[in-house]
Amino acid sequence: MAKKTYDLLFKLLLIGDSGVGKTSILFRFSDDAFTSTFISTIGIDFKIKTVELRGKKIKLQIWDTAGQERFHTITTSYYRGAMGIMLVYDVTDERSFENIVKWLRNIDEHANEDVEKMILGNKCDIDGKRAVNKDRGEAIAREYGVPFLETSAKANTNIDKAFNDLATAILDKYAGKEPGDAPDRVMVDPRRGDTSRRSCC
Amino acid sequence: MTALTQSVPDMEALIKDGSNKSALTCLHCPSRILNASVGTYVEKEFSLPAMTKLKSQTDTENHVLKDFWKVSDMFHFENVGFSHTADGVKYLTCADCEMGPIGWHDLQTKENFVALCRVKNS
């Protein structure tokens with residue numbers, strides 16, 4: 001059967017230190033009651049998700065580093081073909097935040113230069129143990145010109161928005177760049193990020 | 001390892017023109033796996049590890065299944081997860097709740113097979 005069931009295909013990567021919750025961003029319900037012991041033993045390689053943006057059906061193929069980051073073996077082959085990268089740190093882990101700059105350099109060295117990036121401060125549902133304030137996340141995102149969101153995979157805060165925003169940024173780039181439209185989405189606007197619509201963080 | 005054969009009751013009602021009459025969703029969450037008419041019904045014997053096991057069990061049971069929806073291209077799925085390679089295949093899971101295996105991906109032919117009895121067919 002050769003019928004085409006989608007318009008566009010975007011390859012996305014999740015990057016960041018071990019333990020920042022990349023896997024739970026990819027599989028956000030994995031803490032729930034239903035867990036398959038067999039599947040969690042062998043682990044997940046990648047997942048395909050379908051989103052609809054501006055009337056286009058887009059397939060997202062999302063890859064997790066699967067622990068490669070521990071051995072600093074994330075190189076060109078992992079980045080090959082990537083159109084979008086989620087850079088994830090843990091708001092309760094200072095070091096994972098400091099390493100975001102290191103990951104940005106790694107991306108510069110190995111990934112396609114026009115890859116779309118987004119910084120995510122994950123685990124923002126954990127109030128008591130926060131080590132990195134939201135404004136520090138916003139500041140670094142502004143400095144590097146990368147959009148920023150605080151997320152909670154556990155509370156399902158901003159996860160869908162993160163993937164939609166990143167996919168939209170890629171779509172804008174490939175859709176002929178409507179003037180005056182894309183910059184609004186690509187640049188960080190802290191005022192907009194602070195709206196109380198989803199005020200978990 | 002026990003091998004059980006599972007079959008699907010009233011299968012004819014699920015098939016229209018050789019394809020899945022309705023969209024496929026996960027048995028455990030609302031995640032949509034495949035749109036209607038995208039899969040092709042095939043009869044094929046394949047042994048899939050059980051989706052769940054009792055805490056007291058150490059081995060994963062295998063179930064011999066016969067009824068599958070074949071999906072020729074992985075990007076024809078709406079939402080699906082692929083496991084790391086094990087036993088020479090990649091197992092398919094729900095993309096949202098991670099329940100599985102709901103089927104397998106053949107590394108040689110790149111074809112995908114979803115077990116009728118491991119998804120909601122309506």
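Scroll up to find the structure this text is about.
Our subject in this report is the structure included herewith.

What counts as what
Numbering of residues starts from 1 in every chain and runs along the sequence as written. The order in which chains are written sets their letters, starting at A; the order in which ligands are written sets their numbers, starting at 1. The predicted nature of this model means local features are confined to residues of pLDDT at least 70 and side-chain atom pairs, given and counted, to a pLDDT of 80 or more, with totals for whole chains, interfaces and linings taken over all residues. Side-chain figures throughout are based on the complete set of non-hydrogen atoms in the structure, without hydrogens or water. Helix and strand assignments come from DSSP, with helices taken as H or I runs of at least 4 residues and strands as E runs of at least 2, each series counted from the N terminus. The classification of residues rests on relative accessible area computed with a 1.4 Å probe and restricted to protein chains. Under 20% of the type maximum is buried, over 50% is exposed, and intermediate values are partly exposed. When checking whether two residues touch, look at their non-hydrogen atoms; a contact exists if any pair is within 4.5 Å. Calculation of accessible area relied on Shrake-Rupley with a 1.4 Å probe; when residues are assessed, cover is drawn exclusively from the protein chains displayed. The quantity reported as buried area is the accessible area (1.4 Å probe) lost by two parts once they are put together, taken as the sum for both. Each salt bridge in this description consists of a side-chain nitrogen of Lys or Arg and a carboxyl oxygen of Asp or Glu lying within 4 Å of one another. A 3.5 Å cut-off defines polar contacts: any pair of N or O atoms within that distance qualifies, except that in protein one atom must be a possible hydrogen donor and the other a possible acceptor, and neighbouring residues in sequence count only when both atoms are side-chain atoms. A pair of strands is labelled paired if DSSP reports no fewer than 2 bridges between them. Given a helix with a known number of residues, its expected span is that number minus one, times 1.5 Å. Fitting one axis to the seven residues ending at a residue and another to the seven starting there, the bend at that residue is the angle between the two axes. The directions considered for the arc run from the helix axis to the C-beta atoms.

**Brief notes about the overall build of chain A**
On a plain count of helices and strands, chain A comes out with eight helices and six strands. Secondary structure of chain A in N-to-C order comes out as β-α-α-β-β-α-β-α-β-α-β-α-α-α. When burial is assessed residue by residue, chain A has 49% of its 201 residues classed as buried. Put simply, of all contacts in chain A between residues at least 6 apart along the chain, 76% involve residues at least 24 apart.

**A word on the overall build of chain B**
Tallying secondary structure elements over chain B gives zero helices and eleven strands in all. Looking at chain B residue by residue over its 122 residues, the buried ones come to 57%. Look at the contacts in chain B between residues 6 or more apart in sequence, and 56% of them connect residues 24 or more apart. Accessible area for chain B stands at about 5500 Å²; split by element, carbon and sulfur atoms hold 49% of it.

**Structural notes on the interface of chain B and chain A**
The interface is formed by 35 residues belonging to chain B together with 30 residues belonging to chain A. Interface area lost by chain B to chain A is led by Phe75, His84 and Glu98 of chain B, which between them contribute 26%. Put simply, chain B and chain A have four salt bridges between them. Salt-bridge contacts for Glu78 of chain B lead to Lys59 of chain A; the nearest nitrogen and oxygen are separated by 3.3 Å. Taken together, the links from chain B to chain A amount to 14 residue pairs in polar contact (both at pLDDT 80 or more).

**Quick notes on the pairing of strand S4 (residues 84–90) of chain A**
All names here are of chain A. Burial of S4 is extensive: seven of the seven residues sit out of reach of the surface. Residues of S4 alternate between two faces, with Gly84, Met86, Val88 and Asp90 on one and Ile85, Leu87 and Tyr89 on the opposite face, all of them buried. In this sheet, S4 lies alongside strand S1 (residues 8–16) in parallel orientation, the contact comprising five bridges. Note that in S4 the partner of Leu12 across the bridge is Gly84.

**Regarding helix H4 (residues 94–110) of chain A**
Residues and elements named next belong to chain A. With 17 residues, H4 should reach 24 Å at 1.5 Å per residue; the first-to-last C-alpha distance of 25 Å fits that figure. Where H4 bends most, at Ile100, the angle is about 30 degrees. Among all positions of H4, only Ser96, Phe97, Asn99, Ile100, Trp103, Leu104, Asn106 and Ile107 are buried. If you follow the buried residues of H4, they end up packed against S1, helix H3 (76–79), S4, strand S5 (116–122) and helix H5 (134–144). One side-chain oxygen of the residue at the start of H4 lies 3.2 Å from the amide nitrogen of Arg95, identifying that residue as Asp93.

**Section: the pattern of salt bridges**
Within this structure, the stated rule accounts for eleven salt bridges over all chains. A salt bridge links Asp172 of chain A to Arg54 of chain A, with the shortest nitrogen-to-oxygen separation between them at 2.7 Å. With Asp172 of chain A in helix H6 (residues 159–174) and Arg54 of chain A in the loop between strand S2 (44–53) and strand S3 (56–64), the pair connects residues that are 118 residues apart, well separated along the chain. On the basis of relative accessible area, Asp172 of chain A is assigned to the buried category, the value being 1%. Several salt bridges converge on common partners, so that one network encompasses Lys57 and Lys59 of chain A together with Glu78 of chain B.

**Some remarks on H5 of chain A**
Residues and elements named next belong to chain A. Turning to H5, its buried residues are Gly137, Glu138, Ile140 and Ala141. Taken end-on, H5 shows its buried residues confined to a sector of 165 degrees, consistent with a single buried face. Looking one or two places after H5, you find Gly145, whose phi comes out positive at around 65 degrees.

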